[in-house]
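One-letter residues, chain by chain:
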Amino acid sequence: MKCRIAWALPVLLLLSISIISGCQDRQATKSPPNVIIVITDDQGYGDLSCHGHPVLKTPNLDQLHAQSTRLTDFHVSTTCAPTRSALLTGHYNNRTGVWHTIAGRSLLRQDEVTFADLCTSNGYATGIFGKWHLGDNFPFRPQDRGFQETLVHGGGGVQQGPDYWGNDYFDDTYYRNGQPEQQQGYCTDIWFDAAIQFMRDKSQAAKPFFCYLATNAPHSPFSVKDKYAASYQDDPEVVNPAFLGMIANIDENMGKLLTYLDDSGLAENTILVFLTDNGTAAGVFLDKDQHVVKGFNAGMRAKKGSMYEGGHRVPCFIRWPQGGVNVGRDLDDLTTHIDLVPTLMDFLNFAKKDNLDLDGISLADVLLGRSERLPTRTLITDTQRIEWPKKWKHSAVMREQWRLINGAELYDLSEDPGQRTDVSADHPAVVERLRKDYEQWWTDIVPSFENTPRIVLCSSNEPVSLLHAHDMHMDQGFNSVPWNQQMIRRGAKSRGWFEVHVPAEGRYRFELYRWPPHTGHSLLDSLPAPDVEPNSTMGKRPAGVSLQIAHASLQIDEEEFSKETSGAAQSAAFESHLKEGDHQLRISFAEAGGEPFVPYYTVVKKLD
């Protein structure tokens, strides 16, 4: 017996070592997970059938909802670009320099590190498909911010100023890796098809990937093939059939994505996140107090742009089967977009970087069942949309069930989810606590406001710079810039300046245009109204009016130039010797006897 035991012990030891070694080898060689973030534009919390919408059908998003952990009290910024800046950096949007969607305040500050940057430095392939909306010039373009493959429209939406002229959602020209490329099909279909091809290419190359799939739909203009909107046309409770039709098309594409992930075997080890960028834009009608009078918003007050819940509470679904994210679970703790970067960093085992100093927290322990609840904390969102942020402006301070609006109104969502009754007088201690939290947040964030993002002129990364009126900082007295192509066609006028950086001293040429340079139109040309896509909900667009431009001027810091213009010319040009450094650039046209206004397009070239 002793001999048999003596013989067996070395064998068992060898088997144990072999098993342990094998487990370690498998752990060491386990493939890192892929990451897909799908973010839609202007779709609210209530714009899903799984959230109770009585008319809209979203079976594929409902399927993802059933397979995910759902963040039921998840909040973003109240408009497009601010949400995207916070989502991709883990910082409050005001800290990143992005507190507007136009006017030079939608540019992601150069020193911000994006999740795409982190993925690239950790060996991931990165791609963006759809909407970027954080700058169209160096150093703000997606290819400058960690994305290795890009297919995007310009500006904040199709038909905005920086977008390719004449795009209308169908057979558009988008920018692939910075170059215009003609596409075939509907915008949302194009984004999903390109994203799936990217995933296919990277998975075949055994390369982990981060895919950022950011649709411009269902943002206005509300255009989709009739077949998607038809079932909503005659319902008296539907506010905008085309808006719901655009979501139905998104849902169809989500089905295509889910099927691809299943069929390719990628679903198990892919972290799939679905969210939207703000509250519904066109799913409801509101009364003067921002309460819903028509449409559906899951019982919430207000919509996109508002400090009330309907402006910033949105869906967020997270699925990762192999990683152990719970299926079919609701996480009811207060969460926000700035939490996603730290959460994904933990999921991917990315090294923590002290210089990031993230505003969000990781949700990983709760999502993976290692912890029951998140720590209680105060979160803040606001709507600024001005040149410099203003304290308390359109703000919501959130803690547990409490919402402090504009520093004054207090709502208890556990008793009043529709925010109809201000209970600030009944809970002065809560108001005091939330005001104190806001004051600390404001004091911490204010110093970052002075670090203004500047477009870099004629760098080696972008030798010719094309400036758009969309990104001009506004003078006082103006409430908008000509940010979309309809405004440009109508000849909308505004005035202001560009914040720019000159990387190398030399002589520069500035060419001021009425129409996009590649179209070849002269300063005085008028344009016919574009054709309307057949069998679609597309509305008619305006003709391009002739502006009787007679004068042009340029001011760079204190140096000024001016000249009379030639109506037959495409542009008015100026040349100036510029020193390296930061500058303020003012450029303008004027009609005879009229006030100056910004040219819609300006080309900048370095001559020496």
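Before going into details, it helps to say that this report is about the structure given with it.

### Comments concerning the pattern of salt bridges
Per the stated rule, a full pass over the model turns up 33 salt bridges. Among the salt bridges present, the one from Asp333 reaches Arg373, with a minimum N-O distance of 2.5 Å. Note that Asp333 is positioned in strand β12 (residues 329-336) and Arg373 in the loop between α11 (364-367) and β13 (378-382), a separation of 40 residues in sequence. With relative accessibility at 7%, the residue Asp333 sits in the buried group. Among the ionic pairs, Arg495 bridges to Asp475, the shortest N-O distance being 3.7 Å. Of this pair, Arg495 sits in the loop between α13 (485-490) and β20 (496-502) while Asp475 sits in the loop between β19 (473-474) and α13; the two residues are 20 residues apart in sequence, bridging distant segments of the chain. Residue classification places Arg495 among the partly exposed positions, given a relative accessible area of 27%. Residue Asp475 is classed as buried on the basis of its relative accessible area of 15%.

### A few points about the nonpolar core
In terms of nonpolar packing, the biggest core is built from 46 residues, with Ile37, Phe115, Phe210, Tyr212 and Leu275 touching the most fellow members. Element by element, the count of residues in this core is highest for helix α10 (residues 340-347), at five residues. Apart from the residues within four sequence positions on either side, Phe210 is in contact with Val35, Ile37, Phe115, Ala116, Cys119, Tyr124, Ala125, Thr126, Gly127, Phe147 and Phe198. Val38, Val158, Ile196 and Met538 belong to the second-largest nonpolar core, a separate cluster that totals 42 residues.

### Notes on the sheet that holds strand β15 (residues 402-405)
The sheet built from four strands is open, its strands ordered β13-β14-β15-β16 with antiparallel pairing. The sheet is open, and its two edges are formed by β13 and β16 (409-412), each paired on a single side. Taking each pair of neighbouring strands and ignoring which way they run, the sheet shows an average axis angle of 20°. Here strand β14 (residues 395-399) pairs with β15 via four bridges, running antiparallel. Bridging across to β15, Met398 finds its partner in Arg403.

### As for the side chain of His291
Locating His291 in the fold gives a position in the loop between β9 (284-286) and β10 (292-295). Each residue touching His291, except ones within four places of it in the same chain, is listed here: Phe285, Leu286, Arg301, Gly418, Gln419 and Arg420.

### So, unusual backbone geometry
Most peptide bonds take the trans configuration, and most residues that are not glycine carry a negative phi. A cis geometry characterises the amide bond from Ala217 onward to Pro218, with omega recorded as 0°. For the bond from Ser220 to Pro221, the omega torsion is -5°, close enough to zero to count as cis. Structurally, Pro221 is set in the loop between β7 (209-214) and α7 (226-229). One non-glycine residue with positive phi stands out, namely Asp42, at about 80°. Within the secondary structure, Asp42 is located in the loop between β1 (34-40) and α2 (59-67).

### A few points about the sheet that holds strand β18 (residues 464-468)
If you walk across this open sheet you meet the four strands as β18-β26-β21-β24, and the pairing is antiparallel. Strand pairing shows two members of the sheet lacking a second neighbour, β18 and β24 (571-578), which therefore form its edges. The sheet shows a mean angle of 20° between the axes of neighbouring strands, taken without regard to direction. Pairing of strand β21 (residues 506-513) with β24, which is carried by eight bridges, proceeds in the antiparallel orientation. Within β24, the position partnered with Gly506 by the bridge is Leu578.

### Details of α2
Helical periodicity: at 3.6 residues per turn, an α-helix aligns residues three or four positions apart in one direction. Every buried residue of α2 is accounted for by Leu61, Leu64 and His65. Buried residues of α2, seen end-on, are gathered within an arc of 105° and therefore sit on one face of the element. Where α2 is buried, its residues contact β2 (69-75), α8 (241-264), β8 (270-276) and β11 (316-319).

### Regarding the pairing of β21
Of all eight residues that make up β21, six are buried, and the element is covered over most of its length. Bridge count for β21 against strand β26 (residues 601-606) is six bridges, and the pairing is antiparallel. Note on β26: the bridge partner recorded for Leu512 is Thr602.

Basis of the calculations
Residues numbered from 1 in each chain as written. Predicted model: local features only at pLDDT ≥ 70, side-chain atom pairs only at ≥ 80, totals over all residues. Heavy atoms only, no water. Salt bridge = Lys/Arg side-chain N within 4 Å of Asp/Glu carboxyl O. Helix = DSSP H or I, 4+ residues; strand = E, 2+ residues; numbered from the N terminus. Buried < 20%, exposed > 50% of the residue type's maximum accessible area, 1.4 Å probe, protein only. Core = buried A, V, L, I, M, F, W, Y, C linked by side-chain atoms within 4.5 Å. Contact = heavy atoms within 4.5 Å. Pairing = 2+ DSSP bridges. Axes fitted to C-alpha atoms, helices over the stretch in contact; angles between N-to-C directions. Arc of directions from axis to C-beta.

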